[in-house]
Amino acid sequence: MVKWALVVDITKCNGCYNCFLACKDEFWDNDHLPYSAAQPRHGHYWMNILSKERGQYPHVRVAYLPLPCMHCDNAPCIAAAKEGAVYKRPDGIVIIDPEKAFNQKQILTSCPYNAIFWNEEKKIPQKCTLCAHLLDNGWKEPRCVQACPTKALLFGDLDDPKSEVYRAVISGRAEQLKPELGANPRVYYIGLHRYNKLFIAGSVVFKDVDECAEKVKVTLQEKESGKTLTTFTNVFGDFEFDGLSPGNYSLSFEHPHYRAEKLEIRLEKSIYIGYVFLEKT
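Owing to the predicted nature of the structure, the values given are computational and were not obtained by experimental measurement. (Residues numbered from 1 in each chain as written. Predicted model: local features only at pLDDT ≥ 70, side-chain atom pairs only at ≥ 80, totals over all residues. Heavy atoms only, no water.)

Some thoughts on the sheet that holds strand S16 (residues 247-255)
As a reminder, the rule being used: DSSP bridges decide pairing: two strands pair if at least two such bridges lie between them. Helix and strand definitions follow DSSP, with helices as H or I runs of at least four residues and strands as E runs of at least two, each counted in order from the N terminus. Fitting a line to C-alpha atoms yields each axis, with helices limited to the stretch in contact; the angle taken between N-to-C directions then spans 0 to 180 degrees.
A sheet is described by the order of its strands in space; here 4 strands give the open sequence S14-S13-S16-S17, paired in antiparallel fashion. In this open sheet, the two edge strands, each paired with only one partner strand, are strand S14 (228-232) and strand S17 (258-267). This sheet shows a mean twist of 20° between the axes of neighbouring strands, independent of strand direction. Where strand S13 (residues 217-222) and S14 come together, 5 bridges link them in antiparallel fashion. Opposite Val 218, over in S14, you have Thr 231 as the bridge partner.

Remarks on the pattern of salt bridges
Where we set the bar: The rule for a salt bridge is simple: a side-chain nitrogen of Lys or Arg has to be within 4 Å of a carboxyl oxygen of Asp or Glu. The classification of residues rests on relative accessible area computed with a 1.4 Å probe and restricted to protein chains. Under 20% of the type maximum is buried, over 50% is exposed, and intermediate values are partly exposed.
Throughout the structure, instances matching the rule amount to 12 salt bridges. The partner of Arg 186 in a salt bridge is Asp 73, with the nearest N and O atoms 3.0 Å apart. Of this pair, Arg 186 sits in the loop between strand S9 (174-176) and strand S10 (187-190) while Asp 73 sits in the loop between strand S3 (59-67) and helix H2 (76-80); the two residues are 113 residues apart in sequence, bridging distant segments of the chain. The partly exposed category is assigned to Asp 73, whose relative accessible area is 30%. In this structure, the salt-bridge partner of Lys 123 is Glu 120, at a minimum N-O distance of 2.3 Å. Each of the salt bridges in this network shares a partner with another, and the network as a whole consists of Asp 25, Glu 26 and Arg 143.

Considering the pairing of strand S1 (residues 4-9)
Counting buried positions along S1 gives 6 out of 6 residues, so the element sits mostly inside the fold. What you see with S1 is no split at all: Trp 4, Leu 6 and Val 8 on one side and Ala 5, Val 7 and Asp 9 on the other are buried throughout. Bridging between S1 and strand S8 (residues 153-157) involves 5 bridges; their strand directions are antiparallel. When the sheet's bridge partners are listed, Trp 4 is paired in S8 with Asp 157. Where S1 and S10 come together, 4 bridges link them in parallel fashion. Bridge assignment links Asp 9 to a residue of S10, and that residue is Ile 190.

Observations concerning the sheet that holds S9
A sheet is described by the order of its strands in space; here 4 strands give the open sequence S8-S1-S10-S9, paired in mixed fashion. Unpaired on one side and paired on the other, S8 and S9 mark the two borders of the sheet. This sheet shows a mean twist of 35° between the axes of neighbouring strands, independent of strand direction.

Describing helix H1 (residues 18-27)
The following threshold applies: Any pair of residues with heavy atoms lying within 4.5 Å of one another is described as a contacting pair.
Burial runs high along H1: 7 of the 10 residues are buried. By the burial criterion, the buried members of H1 are Cys 19, Phe 20, Ala 22, Cys 23, Lys 24, Glu 26 and Phe 27. Here the buried face of H1 lies against strand S2 (48-56), helix H4 (132-135), helix H5 (143-147) and S8.

Notes on the packing of aromatic side chains
Under the convention used in this document: Any Phe, Tyr or Trp ring, taking Trp's six-membered ring, that has another such ring centre within 6.5 Å forms a pair; planes under 30 degrees apart are called stacked, those over 60 apart edge-to-face, and the others tilted. Consider the ring centre and the ring normal. A charge sits over the ring if Lys NZ or Arg CZ is within 6 Å of that centre and within 35 degrees of that normal.
Inspection of every chain in the model, using the stated rule, returns 9 aromatic pairs. Their ring planes at 25° and their centres at 5.7 Å tell us that Phe 20 and Tyr 45 sit as a pair that is stacked. You can see Phe 20 sitting in helix H1 and its partner Tyr 45 sitting in the loop between H1 and S2, a full 25 residues away along the chain. Taking the relative accessible area as the measure of exposure, Tyr 45 reaches 37% and is therefore partly exposed. Here the aromatic rings of Phe 239 and Phe 253 are separated by 5.6 Å at their centres, their planes lie at 70°, and the arrangement is edge-to-face. Residue Phe 239 is located in strand S15 (residues 238-244), and its partner Phe 253 is located in strand S16; the two are separated by 14 residues in the primary sequence. With respect to class, Phe 239 is no different from Phe 253; both count as buried. Ring-pair connections join several aromatic residues into one group, and the members of that group are Tyr 17, Phe 20, Tyr 45 and Phe 117. The ring of Tyr 195 has Lys 52 lying over it, and the distance from NZ or CZ to the ring centre is 4.6 Å.

Shown next, in the form of structure tokens:
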């Protein structure tokens, strides 16, 4: 038996909404019983696209996070459902039975990822099924994966060493969203720091020539742990440290022919510190 999983690469997602549209095309006004009843035209986002903007002009980063049902191994919706209205298949896909789930609105509020939606007309909770009706008929991937133009969505067998999904997860590049919830989701993310972490960025200038300072050594130290990160400015004098947590940091700037500089930073949100001018020694 396969062990289906989905890997979302945030570094490749450009927010084109092709996955959302493909899902809507497959499920709006289409019954796929016993997997799912037809999705309403409005109000349902079985593949939701969340976005987050970080930083300030002129250094801004925007990340998109596609959010389907997580198909959790410890799914809270299964525990909340009555009479087996939500169940997990042997291949890992979580299904809400469109008949048994009638009037069970508590299923909707049980999801910690807010990935279940209420169909007011049919009085049932609904969500992503990973296109189980297609997979059971020989399809290799859900519609959302098929429609992604940047290959930001990877689908495959988590137990197959030859699959991209297996390699991404086993390498440690892919991680779960909010693992502290204990739901153990089958959806993993690459580049999650672009959505839920902070960055410090800036630009360095050689003051005497008023030119972009390339190859300046920039060291970031987290005050509490003492951990340090090092990078070098690019040809434009720019640098960036990403994947940071809130806290107190120090930045130091070093170049063989210029006086070293040091800054103290209290990081509460992603920031662009502007220009740092280095004086000639």
